[in-house]
Amino acid sequence: MKALRWHGRQDVRLDDVPVPQDARPGQALIRVLACGICGTDVEEWRSGPVFIPTQPHPLTGRQAPITLGHEVVGIVEALGVREDHIEIGDVVAVDGLSGCGECRWCREDRIVLCEQLAAIGLMSDGGLAEYCVVPARGCFRLPPEIDSGSAALTETLAVGVRALRRGRLAAGERVVVTGAGAAGLLAAQAARALGASDVTIVEPERMRRGVAASLGLNAVEDAAEAPLGD
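Residues numbered from 1 in each chain as written. Predicted model: local features only at pLDDT ≥ 70, side-chain atom pairs only at ≥ 80, totals over all residues. Heavy atoms only, no water.

Asks: Please explain the sheet that holds strand 2 (residues 11–16) as it appears in this structure.
Replies: Pairing is antiparallel in the open sheet, where 3 strands are placed in the order 2-1-4. The sheet is open, and its two edges are formed by strand 2 and strand 4 (66–67), each paired on a single side. (Pairing = 2+ DSSP bridges. Helix = DSSP H or I, 4+ residues; strand = E, 2+ residues; numbered from the N terminus.)

Now the structure itself:
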């Protein structure tokens, strides 16, 4: 199969690699339908290695070259063991994080704090390929009305939703988002959906401001223009 793999800084290649043949317990084999290109992927190409290991990772045992891509949507082709929340044939969005499973953070389901944290597309092969193996616990069945291209933005949207929840957004409050990239645009739309009375995006690039405006968002060039006062 074809896979887009990071070999080194500014060295990303479309390689021919074997199709994964199975999934171990706790894993799912996914046939990829769509995969986003994250700013993290761009940063690895431009300035890496940032997260991609050049020595065997303590959890995955993998090192460069690594297939990029962690914003993955696909069809479950195989499961290492039976899972209660997904089954073969499901279309799923993927949270590709995994931890050691034994430390305090993993036991509290806060695996992002695990010292052995691993992510597909960085510490193991990701979704810029025809197939990939992912953590089964991180697979979420999608309703049929959501197309795969939109569903590939699930993780990016989740970042904005979490930020708004941590910020304890209350209905009627004003929100200012800095940056009209994918994450900023999704965070702004999430704020509006969660009841913000006014959502403004601060973005210096005219083209991006235009995209924000096309979504019905107030877009300004400078933070001094944002309606922060009462």
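Asks: Explain the pattern of salt bridges to me, please; I cannot follow it from the model alone.
Replies: Pairs can form between side chains of opposite charge whenever their charged atoms are close. Scanning the model with the defined rule gives 11 salt bridges in all. Between Arg141 and Asp90 there is a salt bridge, with the nearest N and O atoms lying 2.9 Å from each other. Within this pair, whereas Arg141 is found in strand 10 (residues 139–141), its partner Asp90 is found in the loop between strand 5 (71–79) and strand 6 (91–94), the two being separated by 51 residues in sequence. For Arg104, the salt bridge identified is with Glu108, shortest N-O distance 3.3 Å. Overlapping salt bridges bring together Arg104, Glu108 and Arg110 as one network. (Salt bridge = Lys/Arg side-chain N within 4 Å of Asp/Glu carboxyl O.)

Asks: What am I meant to see in helix 4 (residues 154–166) here?
Replies: In an α-helix, one turn spans 3.6 residues; hence positions three or four apart end up facing the same way. Over its 13 residues, helix 4 runs 18 Å from end to end, which matches the ideal 18 Å to within 8%, given 1.5 Å per residue. Looking at the buried positions of helix 4, the neighbouring elements they touch are strand 5 and helix 5 (182–193). In the segment just after helix 4, Arg168 is the residue with positive phi, at about 55°. (Expected span 1.5 Å × (residues − 1). Contact = heavy atoms within 4.5 Å.)

Asks: What's the story with the environment of Ala28 in this structure? I'm lost.
Replies: Positionally, Ala28 belongs in strand 3 (residues 27–36). The contact partners of Ala28, leaving out residues within four places of it in the chain, are Ala23, Ala78, Leu79, Cys132, Val133, Val134, Ala136 and Cys139.

Asks: What's the story with unusual backbone geometry in this structure? I'm lost.
Replies: Going from Gly48 to Pro49, the amide bond is cis rather than trans, its omega being 5°. That bond from Ala64 to Pro65 is cis: its omega, 5°, falls within 30 degrees of zero. Along the chain, Pro65 falls in the loop between helix 1 (39–47) and strand 4. A positive phi is found at Gln10, a non-glycine position, where the angle reads about 55°. With respect to the secondary-structure elements, Gln10 resides in the loop between strand 1 (2–8) and strand 2. You can call Gln10 exposed: its relative accessible area is 51%. Backbone geometry places Arg168, a non-glycine residue, at a positive phi of 55°. Mapped onto the fold, Arg168 is located in the loop between helix 4 and strand 11 (174–178). (Buried < 20%, exposed > 50% of the residue type's maximum accessible area, 1.4 Å probe, protein only.)

Asks: Just to check I follow, could you spell out the state of the cysteines for this structure?
Replies: Throughout this description, disulfide means a covalent bond between two cysteine sulfur atoms. Under the defined criterion, the tally for this structure stands at 0 disulfides. Note on Cys103: no disulfide assigned, nearest cysteine sulfur contributed by Cys100 at a separation of 3.7 Å. The partly exposed category is assigned to Cys103, whose relative accessible area is 21%. Its sulfur unpaired, Cys106 is 3.7 Å from the next cysteine sulfur, which belongs to Cys103. (Disulfide = S-S within 2.5 Å.)

Asks: Help me understand the environment of Arg24 in this model?
Replies: By the element assignment, Arg24 lies in the loop between strand 2 and strand 3. Remark: the alpha-carbon pair of Arg24 and Val134, spanning 110 residues in sequence, is separated by 9.9 Å.

Asks: Please clarify how the sheet that holds strand 11 should be interpreted in this entry.
Replies: Read across the sheet, 3 strands follow the order 11-12-13 without closing on themselves; strand pairing throughout is parallel. Both edges of this open sheet fall to strand 11 and strand 13 (218–220), since each of them pairs with a single strand only. On average, adjacent strands in this sheet sit at an angle of 25° to one another, irrespective of strand direction. (Axes fitted to C-alpha atoms, helices over the stretch in contact; angles between N-to-C directions.)

These figures capture arrangement, not role.
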